[in-house]
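Observations on the three-dimensional arrangement
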Amino acid sequence: GWENVKRALLAYKSFHGDLLVRQGFVIPENADWPEDLWGMKLGFAVYNIRNNGTYSTHRAELEEMGFDFDSQSTGHGWENVKRALLKYKSLRGDLLVPYRFVIPENAHWPEDLWGMKLGFAVYNIRNNGTYSTHRAELEEMGFDFDSQSTG
């Protein structure tokens, strides 16, 4: 239930300094974590909070804890995705990012964006409503919500 998820999130934050829990994260069986939380699929819980409205009645508490509802499990967040999209457009002339596109480690891209799965982020924006609160900004950039990229 909520109380255990809350305890797990607070423990995670105390270890990692943030609540950017990757989707596959499971609480390990070690003395750093309360024994009753061992094995909890915290990454899955976070995914459901962000994408499926799980624990929506606790939104204020989550926000107080520093929970970012827009953040992706990769921890990139909207501002970085926006920067990546604008950079992609400046290099390629469009925002038709192939599904498998990963930001390369080269001088054309800011180092902090290297390795970002931008194609996956674009897929989620188009198909899963990710960053839907930023739709107007995306449209201003020239983002096509109907386009399907092969690739």
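One can find the structure itself at the top, above this paragraph.
First, a word on what this report is: a plain description of the structure on this page.

The rules behind each value
Residues numbered from 1 in each chain as written. Predicted model: local features only at pLDDT ≥ 70, side-chain atom pairs only at ≥ 80, totals over all residues. Heavy atoms only, no water. Helix = DSSP H or I, 4+ residues; strand = E, 2+ residues; numbered from the N terminus. Buried < 20%, exposed > 50% of the residue type's maximum accessible area, 1.4 Å probe, protein only. Areas by Shrake-Rupley, 256 points an atom, 1.4 Å probe, with all protein chains shown as cover. Lys, Arg positive; Asp, Glu negative; His and termini not counted. Charge placed at Lys NZ, Arg CZ, Asp CG, Glu CD. Core = buried A, V, L, I, M, F, W, Y, C linked by side-chain atoms within 4.5 Å. Contact = heavy atoms within 4.5 Å. Phe/Tyr/Trp six-rings, centres within 6.5 Å; stacked < 30°, edge-to-face > 60°. Lys NZ or Arg CZ within 6 Å of the ring centre and 35° of its normal. Expected span 1.5 Å × (residues − 1). Arc of directions from axis to C-beta.

This brings us to the overall build of the protein. The secondary structure content of the protein amounts to 6 helices and 0 strands. Its C-alpha atoms give the protein principal-axis dimensions of roughly 50 × 35 × 25 Å. Taking all 151 residues of the protein together, the buried fraction comes to 36%. Accessible surface, the protein as shown: approximately 8,600 Å² in total, 48% of it carbon and sulfur. A gap of 5 Å separates the mean positions of the 16 positive and 21 negative side-chain charges of the protein.

Moving on to the nonpolar core. Counting residues in hydrophobic clusters, the biggest one holds 21 residues, and the most contacted among them are Leu9, Val21, Phe25, Ile27, Leu42, Leu62 and Phe67. Broken down by element, this core gets its largest block of residues, 6 residues, from helix H1 (residues 2-16). By size, the runner-up hydrophobic cluster in this structure holds 20 residues, among which are Val81, Ala84, Leu85 and Tyr131.

We now examine the environment of Ile103. Examined against the element boundaries, Ile103 turns out to sit in the loop between helix H4 (77-92) and helix H5 (118-128). Owing to a relative accessible area of 2%, Ile103 belongs among the buried residues under this scheme. Apart from the residues within four sequence positions on either side, Ile103 is in contact with Ala84, Trp109, Leu113, Trp114, Gly115, Met116 and Leu118.

As a further point, take the packing of aromatic side chains. All told, the structure shown has 10 aromatic pairs when counted by the stated rule. Where Trp2 meets Tyr55, the ring centres are 5.4 Å apart and the plane angle is 50°; that geometry is what we call tilted. Highlighted residues: Trp2 in helix H1 and Tyr55 in the loop between helix H2 (42-52) and helix H3 (59-65), separated in sequence by 53 residues. Taking relative accessible area as the criterion, Trp2 reaches 7% and is therefore assigned buried. With a centroid separation of 4.8 Å and 65° between ring planes, the pair formed by Phe15 and Trp33 is classed as edge-to-face. Taken as a pair, Phe15 in helix H1 and Trp33 in the loop between H1 and H2 lie far apart in primary sequence, 18 residues in all. Looking at Phe15, the relative accessible area reads 40%, which means it is partly exposed. By the ring-pair criterion, three or more aromatic residues cluster together here, those being Tyr12, Phe15, Phe25 and Trp33. Lying over the aromatic face of Phe145, Arg135 brings its terminal NZ or CZ to 3.7 Å of the ring centre.

Taking 1.5 Å per residue, 16 residues should reach 22 Å; H4 reaches 22 Å between its end C-alpha atoms and fits that length. Among all positions in H4, only Gly77, Trp78, Val81, Ala84, Leu85 and Tyr88 are buried. Projected down its long axis, H4 carries its buried residues within an arc of 130°, all on one side. Exposed residues lying more than 90 degrees from the buried face of H4 are Glu79 and Ser90. Structurally, H4 contributes buried residues whose contacts are with H5 and helix H6 (135-141).

Any link to function would need more than the numbers given here.
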